[in-house]
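# Observations on the three-dimensional arrangement
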Amino acid sequence: MEDELIVTSDGSHTVLSAQFGESYHSRFGAVQESRHIFIDAALKFKALQQTRIKVLEMGFGTGLNALLTLLESRRKGFEIEYSSVEAYPISPEQARSLNFIDILQEPWLEAPFSKMHTGPWGQALSLDEHFVFTKWRSLFEEFAPPSQYDVIYFDAFAPAAQPELWELPLLGKMYDALLPGGVLTTYCAKGSVKRNLKSLGFTLESLEGPPGKREMTRATKG
Ligand SMILES: C[S@@+](CC[C@H](N)C(=O)[O-])C[C@H]1O[C@@H](n2cnc3c(N)ncnc32)[C@H](O)[C@@H]1O
């Protein structure tokens with residue numbers, strides 16, 4: 001079976017993974033979901049305190065979170081160092097067929113988005129005046145964060161598909177990878193995941209989810 005490109009309710013594409021049987025984003029709207037959980041609840045929330053922000057993303061996938069962060073950096077002048085981890089990258093053909101840039105109506109994003117997908121692994125690329133991007137090809141389980149971050153976009157597939165990614169070993173690594181006051185957001189609001197986060201020392205907030213999802217989670221390192 002092959003990955004499938006699907007159109008979500010806000011018109012933006014997402015990928016249905018043949019390997020994991022999961023879609024990369026909500027079918028209720030990929031761009032909408034990404035904005036809600038990562039841009040609004042994490043990036044803009046942190047930007048209330050500081051506008052120089054180091055972001056770590058778990059799961060580069062289609063690159064949508066990275067693209068929206070770049071757009072926000074250009075619009076607001078945020079200084080972003082963006083790092084993303086991915087073990088199973090989509091193909092360059094799949095990346096080219098995604099319609100995010102048409103949906104966003106920001107043609108200048110074409111070149112940096114292409115570089116995100118085709119550029120080298122493990123090398124910092126300056127993709128805009130205030131946006132430096134590095135992607136790491138690694139299993140989350142084996143990734144040793146080379147730095148500490150202000151924000152983590154925790155965007156693994158759901159616990160039902162990959163339970164091991166929501167257990168203490170990986171979540172503890174996320175805790176350690178955050179700077180004090182750093183925030184991690186996820187679409188996941190499952191009780192056992194929230195208990196794991198709490199037991200690591202995170203302070204939790206249950207926030208309203210994006211369309212189609214009642215709740216999401218923001219975890220702050222005290
Ligand atoms: C929900 S998708 C990420 C969506 C992505 N943030 C985006 O904007 O398109 C989860 C991603 O995690 C990757 N992945 C799954 N298991 C992994 C693992 N054990 N280590 C690293 N990456 C993994 C998948 O290939 C997929 O790209």
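The structure under discussion appears in the preceding block.
In this report, we go over the structure that sits alongside the text. Values in this document were obtained by computation on a predicted structure and should not be read as measured data.

### Thoughts on the overall build of the protein chain
Counting secondary structure elements, the protein chain contains seven helices and 10 strands. Computed over the C-alpha atoms, the radius of gyration of the protein chain is 16 Å, within 12% of the 17 Å expected from 2.2 N^0.38 for a compact globule of 222 residues. A burial count over the protein chain gives 40% of its 222 residues as buried. Counting only contacts in the protein chain whose residues sit at least 6 apart along the sequence, the fraction spanning at least 24 positions is 67%.

### Thoughts on the nonpolar core
In terms of nonpolar packing, the biggest core is built from 51 residues, with Val 55, Leu 67, Val 151, Ile 152 and Tyr 153 touching the most fellow members. Per-element tally for this core: the top contributor is helix H1 (residues 30-46), with eight residues. Sequence-distant contacts of Ile 152, defined by excluding residues within four places in its chain, comprise Leu 56, Met 58, Met 174, Ala 177, Leu 178 and Leu 184.

### Quick notes on the environment of Leu 139
Following the sequence through the fold, Leu 139 ends up in the loop between strand S6 (131-137) and strand S7 (149-154). Between the alpha carbons of Leu 139 and Val 85 there is a distance of 7.6 Å; along the sequence they are 54 residues apart.

### Focus on the sheet that holds strand S8 (residues 178-186)
One open sheet holds the eight strands; their spatial order is S5-S6-S4-S3-S7-S8-S10-S9, and the pairing between them is mixed. Where the open sheet ends on each side, the last strands, each with one partner, are strand S5 (125-128) and strand S9 (202-208). Each strand axis lies, on average, 20° off the axis of its neighbour in the sheet, ignoring direction. Pairing of S5 with S6 involves three bridges; the strand directions are antiparallel. Bridge pairing links Asp 128 to Phe 131 in S6. Packed on one face of the sheet, H1 meets strand S3 (52-58), S7, S8, S9 and strand S10 (215-221) and runs near 160° to S8. Each of S9 and S10 is contacted by helix H7 (residues 191-199), which is oriented at about 145° to S9, the strand it contacts most.

### Overview of H1
With 17 residues, H1 extends 22 Å between its outermost C-alpha atoms, agreeing within 8% with the 24 Å of an ideal straight helix rising 1.5 Å per residue. The largest bend in H1 amounts to roughly 40° and is located at Ile 39. Burial of H1 is extensive: 13 of the 17 residues sit out of reach of the surface.

### Comments concerning the pairing of strand S1 (residues 4-7)
Where S1 lies against strand S2 (residues 13-16), four bridges are found, and the strand directions are antiparallel. Bridging across to S2, Leu 5 finds its partner in Val 15. Counting the residues that bridge the hairpin from S1 to S2 gives five residues, and of these Gly 11 lies at a positive phi of roughly 95°.

### Some points on the site of the ligand
Surrounding the ligand, one finds 18 residues, the nearest of these being Gly 59, Gly 61, Thr 62, Leu 64 and Ala 87. Those elements giving two or more residues to the shell around the ligand turn out to be helix H2 (64-76) and strand S4 (79-86). Per-class residue counts for the shell around the ligand are nine nonpolar, six polar and three charged.

### Some points on the environment of Glu 81
When you line up the elements, Glu 81 lands in strand S4. Dropping the residues within four chain positions of it, Glu 81 is found in contact with Lys 54 and Val 132.

### Structural notes on the pairing of S7
In terms of burial, S7 is largely enclosed, as six of its six residues are buried. The sheet contact formed by S7 and S8 spans four bridges and is parallel. Following the sheet pairing, Ile 152 is matched in S8 by Leu 184. Between the parallel pair S7 and S8, the chain is carried across by helix H6 (residues 168-177), and the sense of this crossover is right-handed.

Cut-offs applied
- Residues numbered from 1 in each chain as written.
- Predicted model: local features only at pLDDT ≥ 70, side-chain atom pairs only at ≥ 80, totals over all residues.
- Helix = DSSP H or I, 4+ residues; strand = E, 2+ residues; numbered from the N terminus.
- Rg over C-alpha atoms; globule rule 2.2 N^0.38 Å.
- Buried ≥ 20, exposed ≤ 12 C-beta atoms within 10 Å, placed from the backbone.
- Contact = placed C-beta atoms within 7 Å.
- Core = buried A, V, L, I, M, F, W, Y, C linked by C-beta atoms within 7 Å.
- Pairing = 2+ DSSP bridges.
- Axes fitted to C-alpha atoms, helices over the stretch in contact; angles between N-to-C directions.
- Expected span 1.5 Å × (residues − 1).
- Bend = angle between axes of the 7 residues up to and from the residue.
- Near = placed C-beta within 6 Å.
- Nonpolar A, V, L, I, M, F, W, Y, C, P; charged D, E, K, R; others polar.
- Right-handed = clockwise from strand over helix to strand, strands pointing away.

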